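One letter stands for each residue in the lines below.
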Amino acid sequence: MHAQLAVLPEHLQRQLSAPRGCRGRYAPSPTGRLHLGNLRTALVSWLITRLQGGEWLLRIDDLDTPRNRPGAEASILRDLTWLGLGWDGPLIRQSERRGLYASVLSSLRRTGQLYPCRCSRRMLADISAPHGTTPVYPGWCRDGGVDWGLRDGRLPSWRLQLNSGPLCWPEPLATATGGQRCLDAQAQVGDVVLRRADGFIAYHLATAVDELALGISDVVRGDDLVQATAPQLAVMQALVGQSPRYWHLPLWRDGDGQRLSKRDGGLDLDGLRARGLDAAAVVGRLAATLTLVNPGSRLSSTELLQELSLDQLVAALAGCPA
Ligand code: GLU
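All of these numbers come straight from a predicted model, not from anything done at the bench.

**Concerning the site of the ligand**
Point 1. Every residue close to the ligand is listed here: R25, A27, P28, S29, D61, Y203, R221 and L225.
Point 2. At a separation of 2.8 Å, a nitrogen atom of the ligand approaches a polar side-chain atom of S29.
Point 3. Between the ligand and Y203 there is a distance of 2.8 Å, counted from an oxygen atom to a side-chain nitrogen or oxygen.
Point 4. Relative to its unbound accessible area of 300 Å², the ligand is 79% covered by the protein chains.
Point 5. Taken together, the residues that form the shell around the ligand break down as four nonpolar, one polar and three charged.

**Brief notes about the nonpolar core**
In summary, soluble globular proteins display a tendency toward joint burial of nonpolar side chains.
Point 1. Counting 44 residues, the largest nonpolar core has L16, L194, L205 and L239 as its most contacted members.
Point 2. Per-element accounting of this core gives the leading share, eight residues, to helix α8 (residues 226–239).
Point 3. Sequence-distant contacts of L194, defined by excluding residues within four places in its chain, comprise L105, L108, L114, W158, L160, F200, I201, A202, H204, L205 and V235.
Point 4. Listed in part, the 41 residues of the second largest apolar core include L43, L249, L260 and L305.

**Considering the packing of aromatic side chains**
Two numbers describe a pair of aromatic rings. These are the distance of the centres and the angle of the planes.
Point 1. In this structure the tally under the stated criterion is four aromatic pairs.
Point 2. When the centroid spacing of 6.3 Å and the interplanar angle of 15 degrees are considered together, the rings of Y26 and W56 count as stacked. Of this pair, Y26 sits in strand β1 (residues 23–26) while W56 sits in strand β2 (residues 55–60), and the two are 30 residues apart along the sequence. With respect to class, Y26 is no different from W56; both count as buried.
Point 3. Where W148 meets W158, the ring centres are 5.0 Å apart and the plane angle is 65 degrees; that geometry is what we call edge-to-face. One end of the pair, W148, is in the loop between α5 (121–125) and β5 (157–160); the other, W158, is in strand β5, and ten residues separate them in sequence.

**Overview of the sheet that holds strand β10 (residues 245–249)**
Point 1. Spatially, the five strands line up as an open sheet ordered β3-β2-β1-β9-β10, and their pairing is parallel. Pairing within the sheet leaves two strands with one partner each, and these edge strands are β3 (92–93) and β10.
Point 2. Inspection of the sheet shows β1 paired to strand β9 (residues 218–222) by two bridges, in the parallel sense. The residue bridging G24 from the neighbouring strand is D218, located in β9.

**Details of helix α7 (residues 203–213)**
Point 1. In terms of burial, α7 is a largely internal element, ten of the eleven residues being buried.
Point 2. Of the residues flanking the end of α7, it is G215, one or two places downstream, whose phi is positive at about 65 degrees.

**Structural notes on the state of the cysteines**
Every disulfide links exactly two cysteines, by a covalent bond between their sulfur atoms.
Point 1. All chains considered together, the criterion is met by one disulfide.
Point 2. Residue pairing for C168: its cysteine sulfur links by disulfide to C182, the two sulfurs lying 2.0 Å apart. Between C168 and C182 the sulfur-sulfur dihedral comes to about 105 degrees; the bridge is accordingly right-handed. Here C182 lies in strand β7 (residues 180–184) and C168 lies in strand β6 (residues 166–170), a separation of 14 residues in the sequence.
Point 3. On the basis of relative accessibility, which here comes to 38%, the residue C182 falls in the partly exposed class.
Point 4. C141 supplies the cysteine sulfur nearest to C117, a cysteine that is in no disulfide, at a spacing of 3.0 Å.
Point 5. Exposure remark for C117: the relative accessible area of 3% places this residue in the buried category.

**Examining the packing of α7 against α8**
Each pair of packed helices gets described by two things: the angle between the helix axes and the distance between those axes.
Point 1. Closest axis-to-axis distance for the α7/α8 pair is 9 Å, and the angle between their directions is 55 degrees. With respect to each other, α7 and α8 are oriented oblique. As α7 packs across α8, the resulting crossing turns out to be right-handed. On α8, the residues that touch Y203, H204, L205, T207, A208, V209, E211 and L212 of α7 are A228, P231, Q232, V235, M236 and L239.
Point 2. The residue makeup of the contact of α7 with α8, split by class, is ten nonpolar, three polar and one charged.

Calculation notes
- Residues numbered from 1 in each chain as written.
- Predicted model: local features only at pLDDT ≥ 70, side-chain atom pairs only at ≥ 80, totals over all residues.
- Heavy atoms only, no water.
- Near = heavy atom within 4 Å.
- Polar contact = N/O pair within 3.5 Å; in protein donor to acceptor, adjacent residues only side chain to side chain.
- Areas by Shrake-Rupley, 256 points an atom, 1.4 Å probe, with all protein chains shown as cover.
- Nonpolar A, V, L, I, M, F, W, Y, C, P; charged D, E, K, R; others polar.
- Core = buried A, V, L, I, M, F, W, Y, C linked by side-chain atoms within 4.5 Å.
- Buried < 20%, exposed > 50% of the residue type's maximum accessible area, 1.4 Å probe, protein only.
- Helix = DSSP H or I, 4+ residues; strand = E, 2+ residues; numbered from the N terminus.
- Contact = heavy atoms within 4.5 Å.
- Phe/Tyr/Trp six-rings, centres within 6.5 Å; stacked < 30°, edge-to-face > 60°.
- Pairing = 2+ DSSP bridges.
- Disulfide = S-S within 2.5 Å.
- Axes fitted to C-alpha atoms, helices over the stretch in contact; angles between N-to-C directions.
- Parallel < 35°, antiparallel > 145°, perpendicular 65-115°, else oblique.
- Left-handed = near helix turned anticlockwise from the far one by under 90°.

Structure below.
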C-alpha cells in the first residue's frame with residue numbers, strides 16, 4: 001500500500017510546505033538539566049546549521065506535561081546561552097501549537113491511515129521486545145473498525161497505520177550505506193500512537209508537523225531516535241511528501257558504557273562549573289570528544305565555527321566511535 005496524501009485545507013497545506021533553505025533545530029524536552037551529551041548534540045546541531053549559513057531554531061518539546069520539570073526550560077536557555085549557542089527567532093514551545101497538531105490529525109484521520117485502538121497498557125506490556133527495548137505493536141486493532149467514540153467511558157488512542165517495506169531517508173553520516181538509512185517501519189517500529197487515549201498529542205505527530213511547518217532541513221539528534229525517524233517520515237509523507245535530512249549522533253556514554261541521563265548530577269554545567277571549568281573549557285571538551293580539536297583545547301563556540309569546514313565536521317562525525 002502506498003501512503004496516501006492527506007487532503008489538507010489550503011491554509012494547512014501552505015503552512016506545512018514552508019520554504020526550505022537551511023534550517024536546523026534543537027528540540028530538548030524540559031525534563032531536567034541538559035547533560036554533556038545533550039550539550040554536545042546541541043553544539044553539533046548549531047555547527048552543522050551555521051556552517052551552511054542557516055538559521056538555528058530552539059524548540060521546547062513540552063507536550064508531555066507530567067514529565068516537564070519546573071525550571072528546566074529556563075536552565076536549558078541559560079546553558080545554551082552560556083555556551084554561546086544563540087538561536088534565531090522566538091523560542092518555540094510545542095504546548096503553544098496544539099491547535100495546529102489537532103487540525104493536522106483531523107486531516108490525517110480523513111485519509112483512513114489512522115485507526116482507533118483500545119488496547120490497554122496491560123495488554124501492551126505483554127508484547128515482547130524482539131529488537132532492543134522498544135516493543136513492536138503488532139497491529140491488533142488494525143481491523144477493528146472506526147468507532148472513535150467513548151466506550152466504557154474511555155476514548156481510544158489514534159494509531160497510524162504504517163506500510164510494510166523500507167522507509168529511507170538521507171543521513172549524511174551513514175557513509176557505509178551511501179548516505180542513507182532505511183527502516184521497515186511496520187516490522188521494526190509498529191503502528192505508532194499519534195494521539196493518546198487521554199487526548200495528549202504524541203511526540204511523533206508533533207515533531208513531524210513541526211519539521212514541516214518550521215521548514216527544517218537538517219535534524220540533528222541522538223541516535224536513540226533513529227527508530228522514531230520512520231514513523232515521523234511516514235507522517236510527513238502522508239501530509240506533504242517531503243522531509244528533512246537527519247544526522248543521528250552517537251550518544252555520550254559514561255566510563256561504564258551507560259548512556260547519560262538527565263538525572264546524573266555532576267555532568268551538567270553546574271557540576272562542571274563547580275569543578276572550575278568555564279565555557280571555553282567546556283566547548284573544548286565537547287569538541288575534543290569528536291576529535292575536532294586536541295584534548296585540553298579552550299575555545300568559544302564561535303571560534304570553533306570559524307576553524308571548521310562542514311566537510312571536516314562530517315568526516316570527524318562519520319568516524320566518531322559509537
Ligand atoms: N525532545 C526530544 C528529546 O529531548 C528530542 C526530539 C527530537 O530531537 O526529535 O529527547
